[in-house]
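# Commentary on secondary and tertiary structure
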Amino acid sequence: MTANVVFGLLRVAILAAALEAANGEIADYDIAATNTYVWIGQGLLGFVLLWGTNELAERVRSGDVVVDLYRPWHLQSAMLAQDLGRGGFAFLTRLAPPVVFGMLLFPFQFPASSAQWPLFLVSAVLALVVSFACRFLIDASAFWLLDNRGLYGFWNVTSGLLCGLTVPVSFFPGWARDVLWLTPFPALMQAPIDVFLGHGDAAGTLLHQLFWAVALLGAGHLVLQRAVRKVVVQGG
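Okay, so let's go over this structure. Since the structure is predicted, the reported quantities are computational estimates derived from the model, not experimental observations.

### A few points about the layout of surface pockets
There is about 440 Å³ of room inside the largest pocket. Along the walls of the largest pocket sit 21 residues, with Thr 53, Glu 55, Leu 56, Met 79 and Gln 82 positioned nearest its centre. Only helix H3 (55-62), helix H5 (75-105) and helix H6 (116-140) provide two or more residues apiece to the lining of the largest pocket. The dominant element in the lining of the largest pocket, judged by the number of residues it contributes, is H5, at six residues. For the lining of the largest pocket, the per-class residue count stands at ten nonpolar, four polar and seven charged. Looking at the second largest pocket, its volume works out to about 220 Å³. Taken together, 13 residues make up the lining of the second largest pocket; nearest its centre are Ser 170, Trp 181, Asp 194, His 199 and Gly 200. Residue composition of the lining of the second largest pocket, grouped by class: four nonpolar, five polar and four charged.

### Some details on the pattern of salt bridges
Going through the model one piece at a time under the given rule, you end up with six salt bridges. Notably, a salt bridge pairs Arg 59 with Asp 68, separated by 2.6 Å at the nearest N-O pair. Here Asp 68 falls in the buried class, since its relative accessible area comes to 6%. Arg 86 is the partner of Asp 83 in a salt bridge, and the nearest nitrogen-oxygen pair spans 2.9 Å. Taken together, the residues span about one helical turn, with Asp 83 and Arg 86 both in helix H5 at a distance of three residues. For Asp 83, a relative accessible area of 7% corresponds to the buried category. Using a relative accessible area of 23% as the deciding quantity, one classes Arg 86 as partly exposed. Through salt bridges that share partners, Arg 59, Asp 68 and Arg 71 make up one connected network.

### Some remarks on helix H10 (residues 190-197)
With respect to burial, H10 is a largely interior element, eight of its eight residues being buried. Listed as buried for H10 are Gln 190, Ala 191, Pro 192, Ile 193, Asp 194, Val 195, Phe 196 and Leu 197. Looking at the buried residues of H10, the elements they touch are helix H2 (31-48), H6 and helix H11 (202-227). Following H10 by one or two positions, Gly 198 has its phi on the positive side, about 80°.

Cut-offs applied
Residues numbered from 1 in each chain as written. Predicted model: local features only at pLDDT ≥ 70, side-chain atom pairs only at ≥ 80, totals over all residues. Heavy atoms only, no water. 1 Å grid on protein atoms, 1.4 Å probe; cavity = no way out; pocket = protein on both sides within 12 Å on 5 of 7 lines; lining within 4 Å. Points joined across faces, edges and corners; volume = space filled by probe spheres on them. Helix = DSSP H or I, 4+ residues; strand = E, 2+ residues; numbered from the N terminus. Nonpolar A, V, L, I, M, F, W, Y, C, P; charged D, E, K, R; others polar. Salt bridge = Lys/Arg side-chain N within 4 Å of Asp/Glu carboxyl O. Buried < 20%, exposed > 50% of the residue type's maximum accessible area, 1.4 Å probe, protein only. Contact = heavy atoms within 4.5 Å.

What follows is the structure, given as structure tokens:
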């Protein structure tokens, strides 16, 4: 949480300087909207767990995944339930504190309508599910790669920029924005921030997140079915 606040202060300073150079506004982001974007993004980072632990991939590499596959559960569903529980705790310890910090100390753009608060919560949960589904697919690649740390490192390097964590997606050129919104990346971070700020159509944003949540979970289910047909254990 402390690291999130420190990096939030750095990001606020950089983006505030960019706004000043642009006469106070960039792509519908003034100073209040920018501060809100930063602090909600810092909170969501730990909530959605954009950069996960790669735990499943390590269990595949060590061979411990065999124990998981023997258990009377569906591995993906069990891991999703665990991640939702983690997210519930992270909401109190990782999401709320940076947002409250930003609300108290910086100009902040609160939702114009009371309906935006519950819609934001729904969007945040969908973002967590999309994040889990992406991380699960990356972890499941270890069934074939055995060591997926290169792929995992590539995800860590690129995801922050593409999902709207580094800068808002609306800061990108028009063609890049259109391409990104055809991918699941904005559903991870930019979508719940947009819902909170009232940018764009909230219903369309939620449908975008729901589509990618279902599609990626379905892809993960198919990948898991394919993987367990023949499990090669390395080191187990």
